[in-house]
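Coordinate inspection notes
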Amino acid sequence: MRIGFGYDIHRLEPGRQLKLGGVAIAADFGAVGHSDADVVLHALVDALLGAAGLGDIGDWFPDNDPQWRGADSTVFLRETLQRLHEKGFQVCQADIIIVAERPRLGSEKERIRQRLAELLALPTDRVNVKAKTNEGLDALGRGEAIACHAVAVLRGPKEG
Ligand code: MG
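In this report, the structure presented in the accompanying data block is examined. (Residues numbered from 1 in each chain as written. Predicted model: local features only at pLDDT ≥ 70, side-chain atom pairs only at ≥ 80, totals over all residues. Heavy atoms only, no water.)

1. A word on helix 4 (residues 109-120)
We apply this condition: Helical segments are the DSSP runs of H or I of at least four residues, strand segments are the runs of E of at least two, and each set is numbered from the N terminus. A helix is expected to span 1.5 Å multiplied by its residue count minus one. Two residues qualify as a contact provided that any one of their heavy atoms is within 4.5 Å of a heavy atom in the partner residue.
The end-to-end C-alpha distance of helix 4 is 16 Å, a good match for the 16 Å that 12 residues give at a rise of 1.5 Å each. Check the buried side of helix 4 and you find it contacts strand 2 (18-20), strand 3 (23-25), helix 1 (39-52), helix 3 (74-86), strand 5 (90-99) and strand 6 (127-132). Among the residues trailing helix 4, Ala121 stands out with phi positive, at a value near 55°.

Next comes the structure, spelled out in structure tokens:
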């Protein structure tokens, strides 16, 4: 088994679409980034790449590459899964923590979980999504940014 950890953070600004785990979230603000700035998918991709020993999201999808401008981050996940499969890895599990003061995500967690399970081709009980605030502390607590932590477990290729 291989374990990978991923983290991402993006600033929030008015007038942008907020995407979390490939799900459009109703809010009058969204995350700022070169792509669609989906912190959940970016953290998850880093966790998957980490578990496979394949570097990080910036190595594969550089944020100065015009082809990723405004990109739907599900493309990053799909391409990452393709690379893992080519190397003989199979995704077993993912656990996610979204840190956001706003919007409150209690009612969105299940939708995000379902979407991630679908994207990862896993049963929903192999994907978990948790949401918490930052208790009003720091930029996250002031609602200026949104962050995500992700852990992924892979079954590795047969060795030896
Ligand atoms: Mg990012």
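2. Quick look at the packing of helix 3 against helix 4
The criterion, for reference: Only the contacting stretch of a helix is used when fitting its axis, a line to C-alpha atoms as for every element, and angles between N-to-C directions run 0 to 180 degrees. Charged residues are taken to be Asp, Glu, Lys and Arg, nonpolar residues to be Ala, Val, Leu, Ile, Met, Phe, Trp, Tyr, Cys and Pro, and polar residues to be all remaining types, Gly included.
Contact geometry of helix 3 with helix 4 gives a least axis separation of 10 Å together with a crossing angle of 40°. Across the interface between the two elements, Thr74, Leu77, Arg78 and Leu81 from helix 3 touch Arg115, Leu119 and Leu120 from helix 4. For the contact of helix 3 with helix 4, the per-class residue count stands at 4 nonpolar, 1 polar and 2 charged.

3. Quick look at the coordination of the magnesium ion
Convention followed: Each metal's donors are the N, O and S atoms within 2.8 Å of it, or within 3.2 Å when it is Na, K or Ca, and because water is not part of the set, sites may look incomplete. Type-normalised accessible area, obtained with a 1.4 Å probe on protein chains alone, sets the label of each residue: buried when under 20%, exposed when over 50%, and partly exposed for intermediate values.
Surrounding the magnesium ion are the protein donor atoms Asp8 (OD), His10 (NE2) and His42 (ND1), which sit 2.1 to 2.2 Å from the metal. Each donor residue of the magnesium ion belongs to the same chain, and together they define the spacing D-x1-H-x31-H. Of this pair, Asp8 sits in strand 1 (residues 2-14) while His42 is found in helix 1, placing the two residues 34 residues apart along the sequence. Accessibility expressed as a relative area gives 8% for His42, which makes it buried.

4. Concerning the packing of aromatic side chains
Stated formally: Pairing of aromatic side chains requires ring centres within 6.5 Å, counting the rings of Phe and Tyr and the six-membered ring of Trp. Pairs whose planes differ by under 30 degrees are stacked, by over 60 edge-to-face, and all others tilted. Note on geometry: a ring has a charge over it if NZ (lysine) or CZ (arginine) is within 6 Å of the ring centre and within 35 degrees of the ring normal.
If you walk through the whole model with that rule in mind, you get 3 aromatic pairs. Ring centres of Phe61 and Phe76 lie 4.6 Å apart, and the angle between their planes is 25°; on these two criteria the pair is classed as stacked. Remark: Phe76 occurs in helix 3 and Phe61 occurs in the loop between helix 2 (57-60) and helix 3; sequence separation between them is 15 residues. Of the aromatic side chains, those joined through ring pairs into one cluster are Phe61, Trp68 and Phe76. Taking the ring centre of Phe29 as reference, the NZ or CZ of Arg102 above it sits at 4.0 Å.

5. Describing the pattern of salt bridges
Selection criterion: By convention in these notes, a salt bridge is any Lys or Arg side-chain nitrogen within 4 Å of a carboxyl oxygen on Asp or Glu.
Within the structure shown, the criterion is met by 8 salt bridges. As a salt-bridge pair, Lys19 and Asp36 come within 3.5 Å of each other at their nearest N and O atoms. Here Lys19 is found in strand 2, whereas its partner Asp36 is found in the loop between strand 4 (29-31) and helix 1, with 17 residues between them in sequence. Overall, the relative accessible area of 12% leaves Asp36 in the buried class. In this structure, Glu118 engages Arg115 in a salt bridge whose closest nitrogen and oxygen atoms are separated by 3.1 Å. Taken together, the residues span about one helical turn, with Glu118 and Arg115 both in helix 4 at a distance of 3 residues. Assessed through its relative accessible area of 54%, Glu118 is described here as exposed. Of the residues examined, Arg115 reaches a relative accessible area of 22% and is grouped as partly exposed.

6. Examining unusual backbone geometry
In this chain, Arg102 is followed by Pro103 through a cis amide linkage whose omega measures -10°. With respect to the element layout, Pro103 can be found in the loop between strand 5 and helix 4. You will see that Ala37, though not glycine, has its phi angle at about 60°, which is positive. Relative to the assigned elements, Ala37 resides in the loop between strand 4 and helix 1. For Ala37, a relative accessible area of 0% puts it in the buried group.

7. Topic: helix 1
Our working rule: A 3.5 Å cut-off defines polar contacts: any pair of N or O atoms within that distance qualifies, except that in protein one atom must be a possible hydrogen donor and the other a possible acceptor, and neighbouring residues in sequence count only when both atoms are side-chain atoms.
The first and last C-alpha atoms of helix 1 sit 20 Å apart over 14 residues, in line with the 20 Å expected at 1.5 Å per residue. Burial of helix 1 is extensive: 13 of the 14 residues sit out of reach of the surface. Sitting at the amino-terminal end of helix 1 is Asp38, which places a side-chain oxygen 3.2 Å from the backbone nitrogen of Val40. Among the residues trailing helix 1, Gly53 stands out with phi positive, at a value near 70°.

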